[in-house]
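Chain by chain, the residues run as shown.
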Amino acid sequence: MTAISHSETHGDVAEKAMTISEFGAQKALGIIGQSGKENAGVRVFIKSGGCSGYQYGMAIDDRELEGDTIVHDRGVKLLVDHMSLSLLRGSEVDFVENMMGGGFTVNNPNATSACGCGHSFRTDNAQSPDSEGSSGCGSH
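Rules of the game
Residues numbered from 1 in each chain as written. Predicted model: local features only at pLDDT ≥ 70, side-chain atom pairs only at ≥ 80, totals over all residues. Heavy atoms only, no water. Pairing = 2+ DSSP bridges. Helix = DSSP H or I, 4+ residues; strand = E, 2+ residues; numbered from the N terminus. Axes fitted to C-alpha atoms, helices over the stretch in contact; angles between N-to-C directions. Contact = heavy atoms within 4.5 Å. Buried < 20%, exposed > 50% of the residue type's maximum accessible area, 1.4 Å probe, protein only.

Examining the sheet that holds strand S2 (residues 18-20)
Across the sheet, three strands lie side by side as S2-S7-S8; this open sheet has mixed pairing. With one partner strand each, in any of the chains shown, S2 and strand S8 (101-107) form the two edges of the open sheet. Sheet twist, expressed as the average angle between the axes of neighbouring strands with direction ignored, equals 25°. Those strands touched by helix H1 (residues 22-35) are S2, strand S7 (91-98) and S8, and its axis lies near 80° from that of S7.

Let's talk about unusual backbone geometry
Notably, Asn-39 is not glycine yet its phi reads approximately 60°, a positive angle. Along the polypeptide, Asn-39 turns up in the loop between H1 and strand S3 (41-48). Residue Arg-74 is not a glycine yet carries a positive backbone phi of 55°. Checked against the element boundaries, Arg-74 lands in the loop between strand S5 (69-73) and strand S6 (76-80).

So, the pairing of S3
With respect to burial, S3 is a largely interior element, six of its eight residues being buried. Summarising the sheet, S3 and S6 pair through three bridges and their orientation is parallel. Directly across from Val-44, in S6, lies its bridge partner Val-80.

Below you can see the structure in the form of structure tokens.
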């Protein structure tokens with residue numbers, strides 16, 4: 001099995017596994033440019049944890065792993081592993097700024113509830129992976 005790539009299109013974005021907002025793309029491209037990693041992208045993943053069961057994770061990554069779905073949107077390469085894809089399908093990565101600072105967030109249509117901190121979520125049809133323990137809001 002190899003990585004699956006989805007090219008950037010300007011048509012219906014609903015067909016893409018994930019998207020990134022314009023502001024999120026600007027921030028991501030700046031961070032990627034400073035990373036020193038050639039051909040890097042933003043790896044978006046899910047791990048168990050947080051008060052709601054799942055926690056979002058993001059990292060700058062220059063590796064394309066077997067089974068990854070790769071989406072090019074607004075000039076940013078988004079990498080999603082096979083296990084996380086089902087929980088992230090249709091999501092949009094965004095960057096928000098507020099009085100407390102700023103950071104990346106995921107607008108996830110699959111989440112049926114979310115923690116107050118916005119870093120963890122739950123879906124009705126999925127259980128947390130057993131590979132990692134759960135932890136509270138303060139652990140992100």
